Amino acid sequence: MTCSDSDEVWQFWIQLHTDQDKGDGNLKYILTDEAGSLFIIDENTGDVHAAKKLDREEKSLYVLHAKAIDRKTGRQVEPESEFIIKIHDINDNEPKFTKDMYTASVPEMSGVGRYNLSLYKL
């Protein structure tokens with residue numbers, strides 16, 4: 001799944017569900033890795049939400065592992081699921097330059113790929 005780093009916190013992202021879930025409350029859904037601090041799962045519905053705004057500059061990819069557990073026996077009802085979440089960057093950090101305008105000259109018949117001016121973001 002992909003999402004943007006401008007998406008609102010608590011936006012609904014994923015819903016886990018197993019065919020073993022009869023809707024009687026006998027199953028619970030859990031996240032089984034460190035992403036549990038960044039993502040919250042409703043153990044009754046399997047709805048997964050971000051706990052905070054995600055920023056691609058901090059991390060561009062998250063891998064979540066989830067299980068459906070029988071509440072009575074504590075056993076998994078099917079194999080663990082893996083979800084890969086890729087964060088797309090929204091340019092929320094505008095570039096800043098030391099000058100308002102830059103001028104460069106490109107000599108006639110310059111070779112393809114020749115650099116005449118390089119600018120770097122501060």
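Under an unreviewed UniProt entry, the name given to the protein chain is Cadherin domain-containing protein, and the source organism is Mauremys mutica. Its UniProt record gives the protein chain the following Subcellular location (unreviewed entry) comment, quoted word for word: "Membrane".

Looking only at helices and strands, the protein chain features 0 helices and 7 strands. Starting at the N terminus and walking to the C terminus, you meet the elements of the protein chain as β-β-β-β-β-β-β. In the protein chain, which comprises 122 residues, the proportion classed as buried is 24%. Nonlocal contacts in the protein chain, meaning residues at least 24 apart in sequence, comprise 62% of its contacts between residues at least 6 apart.

Scored by pLDDT, the protein chain comes out at a mean of 80, with 82% of its residues at no less than 70. Least confident of the elements in the protein chain is strand β1 (residues 2-4), whose mean pLDDT is 52; most confident is strand β3 (residues 27-31), at 94.

Another aspect to go through is the side chain of Asp 21. Mapped onto the fold, Asp 21 is located in the loop between β2 (12-15) and β3. Within the buried core, Asp 21 has no salt-bridge partner, and the shortest N-O distance to an opposite charge, that of Lys 22, equals 8.2 Å. At 2.7 Å, the side chain of Asp 21 and the side chain of Tyr 29 are in polar contact. Ignoring any residue separated from it by four or fewer positions in sequence, one finds Asp 21 in contact with Leu 27 and Tyr 29.

Enumeration according to the criterion identifies 1 aromatic pair in this entry. Taking the centre distance of 5.4 Å and the plane angle of 80° together, the rings of Phe 39 and Tyr 62 count as edge-to-face. Taken together, the residues span a long stretch of sequence, with Phe 39 in strand β4 (residues 39-41) and Tyr 62 in strand β6 (residues 61-70) at a distance of 23 residues. Neither residue differs from the other here; Phe 39 and Tyr 62 are each classed as buried.

Rules used throughout
- Residues numbered from 1 in each chain as written.
- Predicted model: local features only at pLDDT ≥ 70, side-chain atom pairs only at ≥ 80, totals over all residues.
- Heavy atoms only, no water.
- UniProt positions renumbered as here; feature names shortened; annotations may be inferred.
- Helix = DSSP H or I, 4+ residues; strand = E, 2+ residues; numbered from the N terminus.
- Buried < 20%, exposed > 50% of the residue type's maximum accessible area, 1.4 Å probe, protein only.
- Contact = heavy atoms within 4.5 Å.
- pLDDT = per-residue confidence, 0-100.
- Lys, Arg positive; Asp, Glu negative; His and termini not counted.
- Salt bridge = Lys/Arg side-chain N within 4 Å of Asp/Glu carboxyl O.
- Polar contact = N/O pair within 3.5 Å; in protein donor to acceptor, adjacent residues only side chain to side chain.
- Phe/Tyr/Trp six-rings, centres within 6.5 Å; stacked < 30°, edge-to-face > 60°.

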